[in-house]
Amino acid sequence: MPMETVLLAVVVAPALSFLLLSALWLIGVELSERVIARLTCSVFLGMTAACATLGWSLLTTGATTSWDGGVWFHAGKYEFLLGLIADRLSLPLMTLTAVLVGLVGSFSRRYMHREAGYLRFYLLLNLFAFGSMLTLAAESFDLLIGGWELVGISSALLVAFFNQRSGPVRGALHVFSAYRIGDLGLLLGVFVLHYLAGSAEDSHLFPGVWPMQGTTVGPFAGAMTGLLFLFAAAAKSAQVPFSSWLPRAMEGPTPSSAIFYGAISVHLGAYLLLRIQPVLAAAPVAAIAVGVIGVLTALFGTLLHRVAVDAKSSIAYAAMTQLGVIFLEIALGFPRLALLHIVGHAVVRTLQFLRAPSMLHDYHRVHAAAGGHLDRTGEHFERLLPEGLRRWAYRFALDRGFLDVLASDAVVAPVISFSRWLGRWEAPPKAACTPPAGEALGVLKETKA
Amino acid sequence: MNFDLLAQTSCGLYLGLALMTLASVPKRDREPRQLWSFACTIAGTLLAYCSGSLVWFTAGWALTVVPYWVWIETGPRWPLTAGTLALVAGTALHSVPGAAAQTFSFGALMLAVLLRKGIFPLHSWVPGGLEQSPPLLLGLLLNGHLGAFLILRFAIPLMPEAASLAIVFLSGLALFTAVYTALLALSDNRSLRILGLLAVSQASFMLAGIENRNVEGITGALVHWFVVAAATTGLLCAYRALEARYPAVANPAGYLGLASHAPRLAVFFSIFGLALIGLPGTLGFAAEDLLFHGSLESHPLLGIALPLATALNAITMYRLISRLFFGRSATATPTIPDALPRERWALAGAVVFLVVGGILPGTLISLRSVPAERIVALLGGQ
């Protein structure tokens, strides 16, 4: 089979699985849990094998595999080209996605057993995998937007998986709002690329082999694109100031938290920046902004991690810290290191998330094997910082850096107040016709209290 | 009669939407008055699509307003009538020779468009009308998009120079309407008002897209017509099915959790809602991509406003989906039947149209790009 076809199959397989399961459900066919899980796991097993084949081809021939789907649609002078690419940047992450999503699918067979939304979980897992694969393999940024948005919607729907409770539902709205606002950066960045650089095709913008690519994007367009893409990447990777959605995303099932917020989804922001690495190299302003955001997030994440009281939030903040470091590596011009860091970090976090429900059991086992309690490690802040500063940092971390309050008071509340003010001109106010100020964007009022 | 490609595609879509609506009308709405109203609206819209002269178009337009005087007691009777009178005046003045008469004629036609499309500041009747009158009927009337058709079929070909100037103003207003109504919807909880505001906001991009004056932008606007019509009709059908079962959906005081008993209606509603805001994999994505790229050359402001309004609409739509379908346990949720077979097949047809159209958009886009090329030539664009 030609490598181009293998590449296409890797990307399309989860979409076909999603469509098949959806169509069967829609016409009333009830599949057993075993069939649903086996179908999904078989798809991801096949995808892993296909990725290994592509990897072997890349290693032996050194040639990038690309699939040219021609023109998807056109009107006037504009053509939307369908193209996929498996190069040194995208293929490792595609393989990682296939392996980890398959692993999570297999793990969830028992974890999600007899859950009311068993099929829904696997449907969204397939949709997410398709979105991720499309994002990673897209040859143009136009196509990347499609995958990026699918990841966002599947992520929000999985956060709201336990939708009988209002907490996950509000959390999902917060996540979705943060994603959609962040997506504006990506859309406008692509707009700038088309407008100022004349194309959004990877091969046109960044000729050469990753990570030694050049760029045809000028300094001004590069700085604009870099900053706008940083906005999108920061929202997707829970960087400061968008990080407040991350703890709320922990309301979803643990396997989905593992794959989204430990492994793949949060790293897509870093992937986007790695994709435009030549632009960052040519536009120091954008690179500095990436670095500053990375450092702030790393510090912020490590502080919040220390006061988190539940296992999943603690792991999520630790992941945020590492993502900040990855952003810094990208800003400093170490793309290979950043890629290696992403792969290693994703694997470790997936393991940690999947073991989170058994964390106490694991600790007891480790302590028993060690013959007693292990010495506490870390606590550098506790030893090095003066007490006054430690107290302030503790309060700062407990209040999640006051970001929720800032977002609520400085962004959400004014927008909603303005919206209500406009609404008064439209229709007479009625009791309970407007949501509480924070609810409109999923910002919970209790966080402000 | 003028049954060109624009009329053919518009008629085809509209007949499909009419069939879907009629199949999914709840039994309680199947009374003679409403059925006559549906017949009148469908006949009037089809007559307007097929008309080759402004007089016949005006007759079709007026026929769609008749139900609000004859059978429907409450509803947006006056705004619709004002729009019709403006159109009648424009048509009458068009036959009068002289530059002044032509100018007034064009002005009257534009006023008719503003009223019919619900463009700011004449937009309030749309969400209000959906609340006060049968929503499926008004949905069918709105989704004929006769205002946009009037511009494309008559205003631009008959008075291209005046249209070329007026469209700048009209598209500016449409753009403002898109963002303004998206902002309004952000703080509202009444389901039909939200749907009305979202429909107005998304439909405004059609008029804004015409200003691009290039084939991709106008094709995007015409494909967006497909999306807005199919998605909002689907949303209203799913909504009305829910409302007939559980009237509290009109103004949900909190989360209703209806997905636990009506999962298929929840899925249909969600797909229509997400298609309306351009979810990848639906036709909305291709339409917005074309609009987006069409604006690159001629109207960068649209390129900024479109994603902003779409993002706000997406948040509102997700919030509405959450309030209707999530947030309560199955035991705390009223037991309602899921989509009936007739509703299921009717709504599935629209979902297939939006999803298959989204995966393979080439055919639909090529059908719309032919009229778009003609319009660009008339406007003197590229």
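Residues numbered from 1 in each chain as written. Chains lettered and ligands numbered in written order. Predicted model: local features only at pLDDT ≥ 70, side-chain atom pairs only at ≥ 80, totals over all residues. Heavy atoms only, no water.

Participant: Would you explain the overall build of chain B in this entry?
Facilitator: Counting its regular elements, chain B contains 17 helices and 0 strands. A principal-axis box enclosing the C-alpha atoms of chain B has dimensions of 70 × 45 × 35 Å. Split into buried and exposed, the 382 residues of chain B put 68% on the buried side. Just so you have it, chain B exposes about 11,500 Å², and 72% of that area is on carbon and sulfur atoms. Charge-centre separation for chain B: the mean point of 21 positive side chains lies 10 Å from the mean point of 16 negative side chains. (Helix = DSSP H or I, 4+ residues; strand = E, 2+ residues; numbered from the N terminus. Buried < 20%, exposed > 50% of the residue type's maximum accessible area, 1.4 Å probe, protein only. Areas by Shrake-Rupley, 256 points an atom, 1.4 Å probe, with all protein chains shown as cover. Lys, Arg positive; Asp, Glu negative; His and termini not counted. Charge placed at Lys NZ, Arg CZ, Asp CG, Glu CD.)

Participant: Teacher, can you tell me more about the overall build of chain A here?
Facilitator: Counting its secondary structure elements, chain A contains 19 helices and 2 strands. For chain A, whose C-alpha radius of gyration is 22 Å, the value lies close to the compact-globule estimate of 22 Å for 449 residues. Taken along the three principal axes of its C-alpha coordinates, chain A extends 60 × 55 × 55 Å. A total of 449 residues make up chain A; the buried ones form 56% of that total. By sequence separation, contacts in chain A at least 24 residues apart represent 76% of the contacts at least 6 residues apart. Total accessible area computed for chain A in this model is approximately 18,700 Å², and 66% of it derives from carbon and sulfur atoms. Measuring between centres, the 31 positive side-chain charges of chain A sit 7 Å from its 27 negative side-chain charges. (Rg over C-alpha atoms; globule rule 2.2 N^0.38 Å. Contact = heavy atoms within 4.5 Å.)

Participant: Looking at this model, I keep getting lost on the interface of chain A and chain B. Mind explaining?
Facilitator: Size of an interface, as often reported, equals the accessible area lost when the parts are brought together. With 57 residues of chain A at the interface, the matching set in chain B holds 58 residues. Interface area, chain A with chain B, both sides summed: about 5,100 Å², of which 70% is carbon and sulfur. Counting every contact that joins chain A to chain B gives 0 salt bridges. Run the count over chain A and chain B and you get 13 residue pairs in polar contact (both at pLDDT 80 or more). Of all the elements in the fold, those that place two or more residues in the side of chain A that touches chain B are helix 1 (3-26), strand 1 (65-75), strand 2 (78-86), helix 5 (141-159), helix 6 (166-197) and helix 19 (403-426) of chain A. (Buried area = accessible area lost by both parts, 1.4 Å probe. Salt bridge = Lys/Arg side-chain N within 4 Å of Asp/Glu carboxyl O. Polar contact = N/O pair within 3.5 Å; in protein donor to acceptor, adjacent residues only side chain to side chain.)

Participant: Explanation requested: the layout of surface pockets in the structure shown.
Facilitator: Residue and element names in this part refer to chain A. Taken as a whole, the second largest pocket encloses approximately 1,000 Å³ of empty space. Within the residue set of the lining of the second largest pocket, elements represented by two or more residues are helix 13 (284-307), helix 14 (311-331), helix 15 (335-355) and helix 16 (359-370). Of the residues that constitute the lining of the second largest pocket, the class distribution is 9 nonpolar, 6 polar and 9 charged. (1 Å grid on protein atoms, 1.4 Å probe; cavity = no way out; pocket = protein on both sides within 12 Å on 5 of 7 lines; lining within 4 Å. Points joined across faces, edges and corners; volume = space filled by probe spheres on them. Nonpolar A, V, L, I, M, F, W, Y, C, P; charged D, E, K, R; others polar.)

Participant: How should the environment of A:Ala263 be read in this particular structure?
Facilitator: All names here are of chain A. With respect to the element layout, Ala-263 can be found in helix 10 (residues 254-263). A relative accessible area of 1% places Ala-263 in the buried class. For the pair Ala-263 and Thr-97, spaced 166 residues apart in the sequence, the C-alpha separation amounts to 8.1 Å. Beyond its immediate sequence surroundings of up to four residues, Ala-263 is in contact with Leu-100, Ala-258, Ala-346 and Thr-350.

Participant: What is the right way to look at the pattern of salt bridges in this model?
Facilitator: Pairing between side chains of opposite charge can happen when their charged atoms approach one another. Residue and element names in this part refer to chain A. If you walk through the whole model with that rule in mind, you get 20 salt bridges over all chains. We note a salt bridge from Arg-275 to Asp-87, for which the minimum N-O separation is 3.0 Å. In this pair, Arg-275 is assigned in helix 11 (residues 268-275) and Asp-87 in the loop between strand 2 and helix 3 (90-111), connecting sequence segments 188 residues apart. Exposure class is identical for Arg-275 and Asp-87. Each is buried. In the salt-bridge network here, residues are joined through shared partners; they are Asp-87, Asp-202 and Arg-275.

Participant: So what exactly am I meant to see when it comes to helix 4 (residues 118-137) of chain A here?
Facilitator: The periodicity of an α-helix, 3.6 residues per turn, causes residues three or four positions apart to be oriented the same way. Look at helix 4 of chain A: 29 Å from first C-alpha to last across 20 residues, which is about the 28 Å you get at 1.5 Å a residue. Within helix 4 of chain A, 18 of the 20 residues are buried, leaving the element largely enclosed by the surrounding structure. (Expected span 1.5 Å × (residues − 1).)

Participant: When you look at the packing of aromatic side chains in this model, what are you seeing that I'm missing?
Facilitator: Geometrically, a pair of aromatic rings is defined through the distance of the ring centres and the angle of the planes. Residue and element names in this part refer to chain B. Evaluation of the coordinates by the stated rule reveals 38 aromatic pairs over all chains. Geometrically, the ring pair formed by Trp-36 and Trp-71 is stacked, given 6.3 Å between the ring centres and 15° between the ring planes. Highlighted residues: Trp-36 in helix 2 (residues 32-50) and Trp-71 in the loop between helix 4 (67-70) and helix 5 (77-94), separated in sequence by 35 residues. Their ring planes at 45° and their centres at 6.4 Å tell us that Tyr-49 and Trp-225 sit as a pair that is tilted. (Phe/Tyr/Trp six-rings, centres within 6.5 Å; stacked < 30°, edge-to-face > 60°.)

Participant: Just checking my understanding: could you explain the nonpolar core for this structure?
Facilitator: Most often, soluble globular proteins have nonpolar side chains that are buried together. With 286 residues, the main nonpolar core has A:Phe141, A:Trp245 and B:Phe269 as its most contacted residues. Here this core takes 19 residues from helix 12 (residues 215-245) of chain B, the largest share from any one element. Ignoring any residue separated from it by four or fewer positions in sequence, one finds A:Trp245 in contact with A:His174, A:Val175, A:Ala178, A:Tyr179, A:Ala235, A:Lys236, A:Ala238, A:Tyr261 and A:Val266. (Core = buried A, V, L, I, M, F, W, Y, C linked by side-chain atoms within 4.5 Å.)

Participant: Looking at this model, I keep getting lost on the packing of helix 12 of chain B against helix 16 (residues 341-359) of chain B. Mind explaining?
Facilitator: A pair of packed helices can be characterised by two numbers: the angle between their axes and the separation between those axes. Residues and elements named next belong to chain B. The N-to-C vectors of helix 12 and helix 16 enclose an angle of 155°; their axes lie 10 Å apart at closest approach. Considering their axes alone, helix 12 and helix 16 lie roughly antiparallel with respect to each other. Considering how the two elements wind past one another, helix 12 and helix 16 form a crossing that is left-handed. Facing helix 12, whose interface residues are Phe-226, Val-227, Ala-230, Ala-231, Gly-234, Cys-237, Ala-238, Ala-241 and Arg-245, helix 16 presents Glu-343, Leu-347, Phe-353 and Leu-354. When the residues that make up the contact of helix 12 with helix 16 are grouped by side-chain class, the tally is 10 nonpolar, 1 polar and 2 charged. (Axes fitted to C-alpha atoms, helices over the stretch in contact; angles between N-to-C directions. Parallel < 35°, antiparallel > 145°, perpendicular 65-115°, else oblique. Left-handed = near helix turned anticlockwise from the far one by under 90°.)

Participant: Help me understand the side chain of B:Thr316, please; the structure alone is not making it clear to me.
Facilitator: Among the structural elements, B:Thr316 can be located in helix 15 (residues 300-325). Excluding anything up to four places from it in sequence, B:Thr316 contacts B:Ala182, B:Ala185, B:Leu186, B:Ile194 and B:Leu198.

Participant: Quick question: what am I supposed to make of the environment of A:Lys312 here?
Facilitator: Residue and element names in this part refer to chain A. When you line up the elements, Lys-312 lands in helix 14. Residue class for Lys-312 comes out buried when judged on its relative accessible area of 12%. The spatial distance from the C-alpha of Lys-312 to the C-alpha of Ala-356 is 6.6 Å, given a sequence separation of 44 residues. For Lys-312, the residues in contact, after removing those within four places along its chain, are Met-250, Gly-252, Pro-253, Thr-254, Ser-257, Phe-353 and Ala-356.

Participant: Would you mind going over the confidence of the model for chain B with me for this structure?
Facilitator: Detailed reading of the predicted coordinates is not advisable wherever pLDDT falls low. Residues and elements named next belong to chain B. Mean pLDDT over chain B stands at 92; residues scoring 70 or higher make up 99%. Within chain B, helix 14 (residues 283-298) has the poorest average pLDDT of any element, 87, and helix 13 (residues 263-276) the best, 96. On the interface metric, ipTM, the complex scores 0.93, and its pTM is 0.93. (pLDDT = per-residue confidence, 0-100.)

Participant: Would you explain the pairing of strand 1 of chain A in this entry?
Facilitator: Both faces of the sheet carry side chains from a regular strand, because those side chains alternate between them. All names here are of chain A. Pairing between strand 1 and strand 2: 9 bridges, direction antiparallel. Residue pairing across strands places His-74 opposite Glu-79, the latter belonging to strand 2. In sequence, strand 1 turns back onto strand 2 through a hairpin of 2 residues, with Gly-76 there showing a positive phi of about 60°. (Pairing = 2+ DSSP bridges.)

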